[in-house]
Amino acid sequence: MAFRKDFLWGGAVAAHQLEGAWNIDGKGPSISDVMTAGDNKTHSLRRITDGVINGEDYPNHEAIDFYHHYKEDIALMAEMGFKAFRTSIAWTRIYPNGDDAEPNEKGLQFYDDMFDTMHKYGIEPIVTLAHFEMPYHLAKKYNGFTDRRCIDFFARYAETVFKRYKGKVHYWMTFNEINNQAANPDAHNLIQEGGVLLKHGDNAEEMMYQSSINELVASAKAVQIGHKIDKDNHIGCMIAMVPLYAATCNPEDFIEMTSANHKRYWYADVQVKGYVPEYMEAYWKRMHFNVTVSEEDRKQLSAGTVDYIGFSYYMSNTVAKGDRNPDFNFYEGKQTVKNPYLKVSDWGWPIDPLGLRYSLNYFYDRYHLPMMVVENGFGAYDKKESDGSVDDSYRIDYLREHIKAMRDAVTEDGVDLRGYTMWSPIDIVSASTGEMDKRYGFIYVNKNNAGEGDLSRSKKKSFDWYKNVIASNGENL
């Protein structure tokens, strides 16, 4: 068998993209609750508003109302044979403002009930502590993780949930896709990752690096707390893996590729190895960035290394130096070029199954830690037929080829892979565009971009296909 007998097959979501109930039972607003809807067809982007404004469209407020449908949805996942379900805890459901003195009991109880439901079906929770859900209050009052006080707010939140769910949750990750902000430091990425609200004249990249260091220290503290509370906790990082290829065999393109990898994966270096890599300190010095990393910070980073690497994989990217980049400084929107060997999705994402095999080898060669692919999926415009069916064969094709590549990495390359939670088993709000019409799921949710629909659930063609994949432990694709 290619995959180990206890391989964790399942699916992955984020609280803010499916729970809804954004202000119910004591929950406070998160940064995702002040992000408007976008639309791929009209190329309108999500906007960040100054608080919740009447008349604006905030798709995360209702999402798919998993808060009131979780028993039904988890039962459907159990029908597919899920061994694991990755979700996040909404920080503001536990600490509505982030700096509250006491946690919100109703929020804690919701996750107790949800985890109990999962265990009833033998489904292992894999929980992300922060998945683009920082309390909006912390963004407004402290400017997010640019303020060191947020390190302790996060550590207190982590300690609360580690204690509460001891014995119910054994797999954790700290910050979701913590490295996305470095490839393209803009207002959208900075508020999603670190709750950083930019003002006119701010140096976004410099602020991003300081916020990132504080997030990494917070992550390291959480790892130490989680290990102390329960020695059986497995606590990982969560990295957005986008393998970066050189556009040509020109040595300049390879140096540009190296620069790109430095920017994307220095976070993993810190979380796995426990120190800030020399190349990043040299870059800050060259750019005259004032990034503070105290000796105490360095001790925390060294003491709080992770147990495994969780990562998302959707696509690869290709980079070229370009004539206007003499210092090989990489910025994703400027040095990326089209790969002529790959097709793209309706959202322009390159489709590259072999890139997943490359990614598994890259991480395993570099870190030699167990890994889990915790996001991988295909967003598409699904069509529901008059009989209620959805033929999403294109999703099956995408997942089949990626699982084959993953299987080859295990059998032919010897990587240590522990689980695969595809994104996402049920249709949810897209984090990047705020759309419902960008669908990933095996389960169709009757709701569209305009908010129309009764939220009823139904199975797509891919539902039974994935059920068979799990039953055969990845052999029958």
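Preceding this paragraph is the structure being described.
Read on for an overview of the structure. (Residues numbered from 1 in each chain as written. Predicted model: local features only at pLDDT ≥ 70, side-chain atom pairs only at ≥ 80, totals over all residues. Heavy atoms only, no water.)

1. Concerning the environment of K273
Formally: Every helix listed is a DSSP run of H or I at least four residues long, and every strand listed is a run of E at least two residues long, numbered separately from the N terminus. The contact definition used throughout considers only heavy atoms, calling two residues in contact when any of these lie within 4.5 Å.
The topology assignment puts K273 in helix α10 (residues 251-273). It is 9.5 Å that separates the C-alpha atoms of K273 and G304, two residues lying 31 residues apart in sequence. With residues up to four places along the chain from it excluded, the contact list for K273 reads A268, T305, R366 and Y367.

2. Observations concerning the sheet that holds strand β5 (residues 234-240)
Hydrogen bonds between backbone atoms are what pair the strands of a sheet, whose relative direction is either parallel or antiparallel. Test applied: Strands are labelled as partners when DSSP assigns at least two bridges between them. Helix axes are fitted to C-alpha atoms over the stretch in contact, other axes to C-alpha atoms as well, and angles between N-to-C directions run from 0 to 180 degrees.
Strand order in the closed barrel formed by eight strands is β1-β2-β3-β4-β5-β7-β10-β11, and the pairing between neighbours is parallel. Between one strand axis and the next, the sheet turns by 25° as a mean value, whatever way the strands run. Against the sheet, helix α9 (residues 204-229) contacts β3 (124-130), β4 (171-175) and β5, and its axis sits at roughly 160° relative to β4.

3. A closer look at the packing of α9 against helix α11 (residues 278-286)
Cut-off, in case you're wondering: Each crossing is labelled by how the near helix is turned from the far one, with a counterclockwise turn of less than a right angle marking it left-handed and a clockwise turn marking it right-handed. Lys, Arg, Asp and Glu make up the charged group, whereas Ala, Val, Leu, Ile, Met, Phe, Trp, Tyr, Cys and Pro make up the nonpolar group; the residues left over, Gly among them, are polar.
Two elements in contact, α9 and α11, have axes separated by 12 Å at closest approach and are oriented at 145°. Judged by the sense of rotation from one axis to the other, the crossing of α9 with α11 is left-handed. Note on element contacts: α11 touches α9 through M280, Y283 and W284, opposite E205, Y209 and I213. Within the contact of α9 with α11, the residues separate by chemical class into five nonpolar, no polar and one charged.

4. Regarding α9
The condition is simple: By definition here, a helix of n residues has an expected span of 1.5 Å times n minus one. Burial classification: accessible surface area is computed with a 1.4 Å probe over protein chains only, and a residue below 20% of its type maximum counts as buried, one above 50% as exposed, and the rest as partly exposed.
For α9, spanning 26 residues, the distance from its first C-alpha to its last is 37 Å, which sits close to the expected 38 Å at 1.5 Å a residue. Of all 26 residues in α9, 21 are buried; the element is thus mostly enclosed.

5. A closer look at the layout of surface pockets
Here is the rule: Buriedness of a pocket was judged along seven lines, with at least five required to meet protein on both sides within 12 Å; pockets are open sets of points on a 1 Å grid over the protein atoms alone, cavities are sets where a 1.4 Å probe fits but cannot get out, and lining residues have an atom within 4 Å of a point. Grid points are joined across faces, edges and corners, and a volume is the space filled by probe spheres set on the points.
The calculated volume of the largest pocket comes to roughly 1200 Å³. Taken together, 44 residues line the largest pocket, and the ones lying closest to its centre are N180, N189, M315, W349 and S432. Mapped by element, the contributors of at least two residues to the lining of the largest pocket are α7 (180-183), α8 (187-194) and β9 (336-337). Here the element with the most residues in the lining of the largest pocket is α8; it accounts for four residues. Considering only residue class, the lining of the largest pocket consists of 17 nonpolar, 18 polar and nine charged. What lines the second largest pocket is simply R4, D6, L8, Y171, H234, D307, Y308, P370, M371, M372 and R418.

6. Let's talk about the sheet that holds strand β6 (residues 244-246)
Read from one edge of the open sheet, three strands run β6-β8-β9, paired in mixed fashion. Unpaired on one side and paired on the other, β6 and β9 mark the two borders of the sheet. Where β6 lies against strand β8 (residues 317-319), three bridges are found, and the strand directions are parallel. In the strand pairing of β8, Y245 is matched with T318. Relative to β6, α10 is tilted by about 170°, and along the sheet it contacts β6 and β8.

7. Side note on empty space enclosed by the protein
Here the structure, examined in full by the defined rule, presents four cavities of 30 Å³ or more. Taken as a whole, the largest cavity holds about 80 Å³ of empty space. Lining the largest cavity are 14 residues, and of these A15, H16, G20, K27 and D33 lie nearest its centre. Contributing elements (two or more residues each) for the lining of the largest cavity: α1 (15-18) and α3 (91-94). Here the lining of the largest cavity takes three residues from α3, the largest share from any one element. Each residue belonging to the lining of the largest cavity can be placed in one class, and the counts come to four nonpolar, five polar and five charged.

8. Considering the side chain of D33
As a reminder, the rule being used: Pairing of N or O atoms within 3.5 Å defines a polar contact, subject to two protein rules: one partner must be a possible hydrogen donor and the other a possible acceptor, and residues neighboring in sequence count only if both atoms are side-chain atoms.
Along the chain, D33 turns up in the loop between α1 and α2 (66-80). Polar side-chain contacts of D33 include one of 3.0 Å to the side chain of K27. Contacts of D33, omitting those with residues within four sequence positions, involve W22, K27, G28, V52, Y58, N60 and H61.

9. A short note on unusual backbone geometry
Most of the time, phi is negative for any residue but glycine, and the peptide bond is trans. A cis amide bond links W423 to the next residue, S424, at an omega of -25°. Examined against the element boundaries, S424 turns out to sit in the loop between β11 (417-423) and β12 (443-445). Positive phi is not limited to glycine here, since D25 has a value of about 55°. Assignment of secondary structure puts D25 in the loop between α1 and α2. Of the residues examined, D25 reaches a relative accessible area of 32% and is grouped as partly exposed. Look at N143: it is not a glycine, yet its phi comes out positive at around 55°. Relative to the helices and strands, N143 is located in the loop between α5 (136-142) and α6 (149-164).

10. Points about the packing of aromatic side chains
Test applied: Classification of ring pairs rests on two measures: the distance between centres of Phe, Tyr or Trp rings, Trp counted by its six-membered ring, which must be within 6.5 Å, and the angle between planes, read as stacked under 30 degrees, edge-to-face over 60 and tilted in between.
For the structure on display, the rule yields 42 aromatic pairs. Summarising the aromatic geometry, the rings of Y171 and Y308 are spaced 6.4 Å apart at their centres and angled 75° between planes, so their arrangement reads as edge-to-face. A residue pair is termed long-range when its members are at least 10 positions apart, and Y171 in strand β4 and Y308 in strand β7 (residues 308-312) qualify at 137 residues. For Y171, a relative accessible area of 22% gives the class partly exposed. On the numbers, 5.3 Å between centres and 65° between planes, the contact of F311 with F363 is edge-to-face. In this pair, F311 is assigned in strand β7 and F363 in helix α14 (residues 353-367), connecting sequence segments 52 residues apart. Of the residues examined, F363 reaches a relative accessible area of 0% and is grouped as buried.

11. Side note on the packing of helix α15 (residues 393-411) against helix α16 (residues 461-471)
What counts, and what does not: Small angles under 35 degrees read as roughly parallel and large ones over 145 as roughly antiparallel, with 65 to 115 read as roughly perpendicular and the rest as oblique.
Following both chains from N to C, one finds α15 and α16 inclined at 25°, their axes separated by 9 Å at the closest point. Looking at the two axes, α15 sits roughly parallel to α16. Seen along the crossing, α15 lies across α16 with a hand that is right-handed. Between α15, through S393, R395, I396, L399, R400 and I403, and α16, the contact on the second element is made entirely by K461, S462, W465 and V469. When its residues are assigned to classes, the contact of α15 with α16 shows five nonpolar, two polar and three charged.

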